[in-house]
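# An overview of the molecular structure
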Amino acid sequence: MLKLYHGASSVCSQKARLALFEKQLEWESELLDLPSGDQFHPDYLKLNPAAVVPTLVHDGFVLPESSAIIHYLDGLGDAPKLVPDDPAAAAVTQLWLVRTIGVHEAINSMTFATAIRDAELQRRTPEERERWLSSIPNPQIGEKRRDLMKNGPESVYVDGALHTMRMTLSAMNAALEDAAYLTGDAYSLADTAMTAYIDRLDRLALDGLWTQTGFDQVAPWLERVRQRPSYQSAVVDYIPAEMARMQRMSGETAWPVISKRLN
Ligand SMILES: N[C@@H](CCC(=O)N[C@@H](CS)C(=O)NCC(=O)O)C(=O)O
C-alpha cells in the first residue's frame, strides 16, 4: 500500500499528489498540519528527520523528497509512463526534476515573504514568533525565515528567489516556444514537477513574473496543465476558499514592491 504524508497547501505535497492522480494510483493519506507543527512529532521524524513533507511510504520503503517521490511513482501502476522513452527527452525531464530543488526554495521564499508572513504577523505575538523561529532545527532556515518575517517583499531572499525564477521561467519559455509541454508535445513528469510551483506564484498574484517579462508561453502552459483532472484533485480540492483569498490579497499587496526589484 502507498501512504503519503503530506500538507494540504504545501507545494511539494501538491506535486506528489499530482503524480499520484496522474498515475491513477491508490493511496492512503496522512495529512499533517504544518502550522501546528505535526512535522516535528517524534514518529514522523523517524520517517523524515528533516521534518518536512512529503514522505512516501510503500510497503515499508520510506522515500522523502518530492522529485524522488514522483519519479518513483512513475514506475508504478498501469497508467502510461510520464518519463519519455527517448533518452534525450528523458534526460531533459530529469533536468527539470533536479531544477525543482532550487525552485522550491524560491517559491518558499516568495510564499513566506507574502501570505505566510501576513498570517504569522496576525496569529503570533513577537515573542511567540521568536520562540517559533528559534525552534526550527536547521539554523540557516530559521535565519532565512526571520529575515522574511522582518522584511517581507524587501528581503534579500526575495532577490535570490526572483533570480532563480527568472532563469526558470526563461528556460520554461524557451522549451514551450515550439512545444505544448516542457519536454515536447506530450505531457510528461517535467510538467508534473513544475505545475504546483508556477500555480503558487499565480495564486499569489505574482503572474507579472511572466506576463510582464516577455515569457509569453508560460500562461497558456499553466492553463493547459490546470485543465487536467489531476489539478482539481491534487491542488484545488485541498485549498480552502479563505486561504486562496488570503494568498491573492497578500501577493497583490506585495507586488508593487516585488515588481520594482525585477531587473
Ligand atoms: N526539497 C524538499 C522540500 C520539502 C519542504 O521544504 N517541504 C515543506 C512544505 S512544501 C515543509 O514541509 N515545510 C514544513 C516546515 O518547514 O516546517 C521536497 O521537495 O520534498
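Everything numeric in this text was worked out from a predicted model, so none of it was measured. (Residues numbered from 1 in each chain as written. Predicted model: local features only at pLDDT ≥ 70, side-chain atom pairs only at ≥ 80, totals over all residues. Heavy atoms only, no water.)

### A short note on the environment of Leu31
- The residue Leu31 is located in strand β2 (residues 27–32) in this model.
- Sequence-distant contacts of Leu31, that is, excluding residues within four places in its chain, are made with His6, Gly7, Ala8, Asp38 and Tyr238. (Helix = DSSP H or I, 4+ residues; strand = E, 2+ residues; numbered from the N terminus. Contact = heavy atoms within 4.5 Å.)

### Brief notes about the domain arrangement of the chain
- Segmenting the chain into domains produces domain 1 (2–74) and domain 2 (87–260).
- Of note, the centres of domain 1 and domain 2, computed from C-alpha atoms alone, are 19 Å apart.
- Of the residues lining the interface, 23 residues belong to domain 1; the matching set on domain 2 comes to 26 residues.
- Here domain 1 and domain 2 share an interface that buries about 2000 Å² over both sides, 66% of which is from carbon and sulfur atoms.
- On the domain 1 side of the contact with domain 2, Val11, Leu18 and Glu22 bury the most area, a combined 30% of that side's loss.
- Residue Arg228 pairs with Glu22 through a salt bridge whose shortest N-O separation is 2.8 Å.
- Put simply, domain 1 and domain 2 have nine residue pairs in polar contact (both at pLDDT 80 or more) between them. (Domains from an automatic or database assignment. Buried area = accessible area lost by both parts, 1.4 Å probe. Salt bridge = Lys/Arg side-chain N within 4 Å of Asp/Glu carboxyl O. Polar contact = N/O pair within 3.5 Å; in protein donor to acceptor, adjacent residues only side chain to side chain.)

### Description of a negative patch on the surface
- On the surface, Glu177, Asp178, Asp185 and Asp216 cluster together into a patch of negative charge.
- Within the fold, Asp216 resides in the loop between α9 (208–211) and α10 (218–226). (Patch = residues over 30% accessible without salt bridge, like charges linked within 9 Å, V, L, I, M, F, W, Y side chains within 5 Å. Areas by Shrake-Rupley, 256 points an atom, 1.4 Å probe, with all protein chains shown as cover. Lys, Arg positive; Asp, Glu negative; His and termini not counted. Charge placed at Lys NZ, Arg CZ, Asp CG, Glu CD.)

### Things to note about the packing of aromatic side chains
- By the definition in use, this model includes four aromatic pairs.
- Ring plane angle 45 degrees and centroid distance 5.7 Å describe the contact between Tyr5 and Tyr44, whose orientation is recorded as tilted. You can see Tyr5 sitting in strand β1 (residues 2–7) and its partner Tyr44 sitting in helix α2 (residues 42–47), a full 39 residues away along the chain.
- The class of Tyr5 is buried, set by a relative accessible area of 15%.
- Residue Tyr44 is classed as buried on the basis of its relative accessible area of 4%.
- When the ring of Phe61 is compared with that of Tyr72, the centres are 5.2 Å apart and the planes differ by 55 degrees; the resulting orientation is tilted. In this pair, Phe61 sits in strand β4 (residues 61–64) while Tyr72 sits in helix α3 (residues 66–74), placing the two residues eleven residues apart along the sequence.
- The class of Phe61 is partly exposed, set by a relative accessible area of 39%. (Phe/Tyr/Trp six-rings, centres within 6.5 Å; stacked < 30°, edge-to-face > 60°. Buried < 20%, exposed > 50% of the residue type's maximum accessible area, 1.4 Å probe, protein only.)

### Side note on the pairing of β4
- Strand direction decides the pairing type here: strand β3 (residues 55–58) and β4, joined by four bridges, are antiparallel. Along β4, the bridge assignment pairs Thr55 with Pro64.
- Once β3 ends, the chain turns through two residues before running back antiparallel as β4, passing Asp59 with a positive phi of about 45 degrees. (Pairing = 2+ DSSP bridges.)

### Examining the sheet that holds β2
- Spatial strand order, β2-β1-β3-β4: four strands in an open sheet with mixed pairing. In this open sheet, the two edge strands, each paired with only one partner strand, are β2 and β4. On average, adjacent strands in this sheet sit at an angle of 20 degrees to one another, irrespective of strand direction.
- The pairing of β1 with β2 spans six bridges and is classified as parallel. If you follow Lys3 over to β2, its bridge partner there is Glu28.
- Lying over the sheet, helix α1 (residues 11–22) contacts β1 and β2, oriented at roughly 145 degrees with respect to β1.
- Contacting β1, β3 and β4, α3 runs over the sheet at an angle of about 130 degrees to β4. (Axes fitted to C-alpha atoms, helices over the stretch in contact; angles between N-to-C directions.)

### Description of the packing of helix α4 (residues 87–123) against helix α12 (residues 241–260)
- Closest axis-to-axis distance for the α4/α12 pair is 9 Å, and the angle between their directions is 130 degrees. By the criterion of interaxial angle, the relationship of α4 to α12 is oblique. Where α4 crosses over α12, the handedness of that crossing is right-handed. Contacts between α4 and α12 involve Met110, Thr114, Ala115 and Asp118 from the former and Gln247, Ser250, Gly251, Ala254 and Ile258 from the latter.
- Here the contact of α4 with α12 is composed, by residue class, of four nonpolar, four polar and one charged. (Parallel < 35°, antiparallel > 145°, perpendicular 65-115°, else oblique. Left-handed = near helix turned anticlockwise from the far one by under 90°. Nonpolar A, V, L, I, M, F, W, Y, C, P; charged D, E, K, R; others polar.)

### Let's talk about the pattern of salt bridges
- Applying the stated criterion to the full structure yields 16 salt bridges.
- Linking Arg146 and Glu130 is a salt bridge whose minimum nitrogen-to-oxygen distance equals 2.6 Å. One end of the pair, Arg146, is in helix α6 (residues 139–151); the other, Glu130, is in helix α5 (residues 126–134), with 16 residues separating them in the sequence.
- Accessibility expressed as a relative area gives 25% for Arg146, which makes it partly exposed.
- We note a salt bridge from Asp199 to Arg226, for which the minimum N-O separation is 2.7 Å. In this pair, Asp199 is assigned in helix α8 (residues 189–203) and Arg226 in helix α10, connecting sequence segments 27 residues apart.
- A relative accessible area of 0% places Asp199 in the buried class.
- A network of salt bridges, in which partner residues are shared, links Asp199, Asp202, Arg203 and Arg226.

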